[in-house]
Amino acid sequence: MEPIERDLDSAELELFAEPMLLNVGPAHPATHGTVRIVVELSGETIERCDVQVGYLHRGFEKMCERGTWSQVFPYVDRCNYVSPMLNNVGFALACEKMLQITVPDRCQYYRMILGELARISDHLTCDGAMAMELGAFTPFLWMMKTREMVWDIMEEETGARLTHSFGRIGGMAKPPTDGFKAHTLAVIEHTGKVLDEVERLLLTNRIFLDRLENVGIISGEEAISLGWTGPVLRASGVPYDVRRSHPYLKYGEVEFDVPVGGKGDCFDRFMVRIDEMRQSVRIIEQCVARMADEGSVNVEDPRVILPPKDEVYSSIEGTIQHFKIIMEGLKIPPGEVYGYTEGGNGELGFYLVSDGSGTPYRVRIRPPSFFATSGLERIITGQMIADVVPCFGSLNMIGGECDR
Amino acid sequence: MAKALLDLVARRFPGKVLESHAAFGDETVVVAAEDWYAVHAWLRDDPASDMQMLVDLTAVDFPSRLPRFEVVTHLVSLRLGHRLRVKARVGDAEGQSVSIASLTPLWASANWAERECFDTLGVSFAGHPDLRRILLYPEFEGHPLRKDYPAELAQPLVPYRDVPNIEKVEPFGPYEGMSFGRMTHHLPRVTDPKAIQGRD
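Definitions and limits used
- Residues numbered from 1 in each chain as written.
- Chains lettered and ligands numbered in written order.
- Predicted model: local features only at pLDDT ≥ 70, side-chain atom pairs only at ≥ 80, totals over all residues.
- Helix = DSSP H or I, 4+ residues; strand = E, 2+ residues; numbered from the N terminus.
- Buried ≥ 20, exposed ≤ 12 C-beta atoms within 10 Å, placed from the backbone.
- Contact = placed C-beta atoms within 7 Å.
- Rg over C-alpha atoms; globule rule 2.2 N^0.38 Å.
- Expected span 1.5 Å × (residues − 1).
- Pairing = 2+ DSSP bridges.
- Axes fitted to C-alpha atoms, helices over the stretch in contact; angles between N-to-C directions.
- Nonpolar A, V, L, I, M, F, W, Y, C, P; charged D, E, K, R; others polar.
- Core = buried A, V, L, I, M, F, W, Y, C linked by C-beta atoms within 7 Å.

Caption draft 1: Highlighting the overall build of chain B. Scanning chain B from terminus to terminus reveals three helices and seven strands. Ordered by position in the sequence, the α and β elements of chain B form the string α-β-β-α-β-β-β-β-α-β. Looking at the 200 residues of chain B, the share that counts as buried comes to 36%. The long-range fraction of contacts in chain B, counting pairs at least 24 apart against all pairs at least 6 apart in sequence, stands at 46%.

Caption draft 2: Examining the overall build of chain A more closely. Assigned secondary structure in chain A consists of 17 helices and eight strands. A globule of 404 residues ought to have a C-alpha radius of gyration of about 22 Å, and chain A, at 24 Å, matches this closely. The principal-axis extents of the C-alpha atoms in chain A amount to approximately 100 × 50 × 45 Å. Looking at the 404 residues of chain A, the share that counts as buried comes to 51%. Long-range contacts, defined here as pairs at least 24 residues apart, represent 70% of the contacts in chain A between residues at least 6 apart.

Caption draft 3: Summary view of helix α13 (residues 316-327) of chain A. Taking 1.5 Å per residue, twelve residues should reach 16 Å; α13(A) reaches 16 Å between its end C-alpha atoms and fits that length. Note on α13(A): the residue one or two positions beyond its end, A:Gly329, has a positive phi of about 85°.

Caption draft 4: Spatial organisation of the sheet that holds strand β8 (residues 360-366) of chain A. Residue and element names in this part refer to chain A. Within the open sheet, the three strands sit side by side as β6-β7-β8. Their pairing is antiparallel. Every interior strand has two partners, whereas the edge strands, β6 (335-342) and β8, have only one. Taking each pair of neighbouring strands and ignoring which way they run, the sheet shows an average axis angle of 15°. Along the sheet, helix α3 (residues 84-99) makes contact with β6 and β7 (347-354), crossing β6 at roughly 145°.

Caption draft 5: Inspection of the interface of chain A and chain B at higher detail. Listed by partner, the interface residues are 39 residues for chain A and 30 residues for chain B. For the side of chain A that touches chain B, the element with the most residues is β7(A), which contributes four residues. Taken together, the residues of the side of chain A that touches chain B sort by class into 17 nonpolar, ten polar and twelve charged.

Caption draft 6: Spotlight on the pairing of strand β2 (residues 28-31) of chain B. All names here are of chain B. Only one face of β2 is covered, namely the one carrying Val29 and Val31; the face carrying Thr28 and Val30 has none of its residues buried. By the bridge criterion, four bridges tie strand β1 (residues 17-21) to β2 in an arrangement that is antiparallel. By the bridge assignment for β2, Glu19 is matched with Val30. Taking the residues that link successive antiparallel strands as the turn, the β1-β2 hairpin has six residues, and the phi of Phe24 there is positive, at about 55°. One ladder, built from four bridges, connects β2 with strand β5 (residues 83-90); its direction is parallel. Bridging from a neighbouring strand, Val30 pairs with Lys87 of β5.

Caption draft 7: Representation of the nonpolar core in the model. Counting residues in each nonpolar core, the largest one holds 152 residues, and the members touching the most others are A:Cys95, A:Leu352, B:Leu75 and B:Val123. Not counting residues within four places of it along the chain, the set of residues in contact with B:Val123 comprises B:Ala59, B:Phe69, B:Val71, B:Val90, B:Val98, B:Ile100, B:Cys117 and B:Phe118.

Caption draft 8: Molecular detail of the pairing of strand β3 (residues 53-61) of chain B. Residues and elements named next belong to chain B. Burial analysis of β3 places nine of its nine residues in the buried class, the great majority of the element. Bridge analysis of β3 against strand β4 (residues 69-76) gives eight bridges, and the strand direction is antiparallel. Looking at the pairing, Thr58 lines up with Val72 of β4.

What follows is the structure, encoded as structure tokens:
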């Protein structure tokens, strides 16, 4: 064996006493969007941090000012690619608020069912990814499998798995398919079972609980001041849900609870999402029971809805009406409106300014993720570096929506 | 309910509410830019309005009008359940002197919202603690959501941020060739490209 020739005195480690800067992201596996977190560490404790977003900025709002109102739908799809249907419906409702039209009851229930399915897919993704990042891979796979079943419904209804572009001003692109109700009921039954299994697997897991409990605590007042809405706000004990406080569609008529958390830590944010999925299942069950099997899903207003195809191809009136809506865009009266719905991550608002032409003058989307991410700095300062992962995961930052 | 709120604002600030309307069910007041902070502070603190949350802050560009920009906030009271939109008009025709008081002392959500508004529309907020670009990068020229910014405009390429002697630095340690390396931690902004210039 060779003798150690190293002089131990001169090999003393130079330890840095000053804080160290560490760059997390923008391409880090735990930053599901693309976000860069610059942290200043003292040992393992975060003393200061700077959250930098914008890596997925695509000029969404500028692009919306170039087409017709209907051409905004594909853009809002791509804002939130985990629950695009909620964005579709939110934008459609804001436009309908300006046009002062109300879609038929069948369409309202249809929108609610699709929206709640999208919410389930959103929360499944968030909670599954959160568990995976903390080492629990099995629940992630179960939840992704369930999400795929939800997306099978979407694919059957809309033709697209992810970016549906299915909403229309004044209705939906297509009426529900024949097997829609049976398919939905089967999937939500399965969802309930998966949630029970996931809870059994995770909520008795010491490692999982230790990583989440008492980590990233934020009080209700602070969360309100930060503009947090949705599950992250409710986890801090503030029972604010747009569906309950300002009901739209038929949310005033269905029964559901608004789950709230106690402490506002990462565990509460995880559990609020699990409970919300159960409430979504309840809402879907009621809506499926109430949705009519027959009837139109569109308003009967030739100014906003395209005529049936057989009229377009056989009558001059139908052709002209189709041409005007497609080429000029439907005319929304001049003015401004703020339409808000409960998106997957909180209050999803659309501030629309119209000048009366067929093109939007200004489309401002109020992204819930943007405000949630702005609070990340506050909740991880003072925590350990390893806590960045559950804290960031629990906020469910959707890059497309945050950066637009 | 909310109509009463409009009257309340008009009574509290006589002559300062330039116009108000409730089109499409959204109550709106337009105030002068110099009253921006005072009106918001009152709306937040008065128990009759009790606007706990600043939901959104943005601006709209009207190049044909003077003042050119409309800064818009949406407020909500979670306790009373009412909402209000507040607007103020700022800026001259060239898009200069677009400045208004920052609301960051009142609501923490104003921080990023104002940064985004500054970034995309070039509205500067007096008193904001950290007014820098948020969605776009520091070298970006212009403000893309202004109506005079053409959507097709290509931005100049950002020159490579040169780090001197990058081949010679050790992969780890105090001289690692990154802008966020240990040598630069004392600088106020870690993303500042100048931070990596002065070292050899």
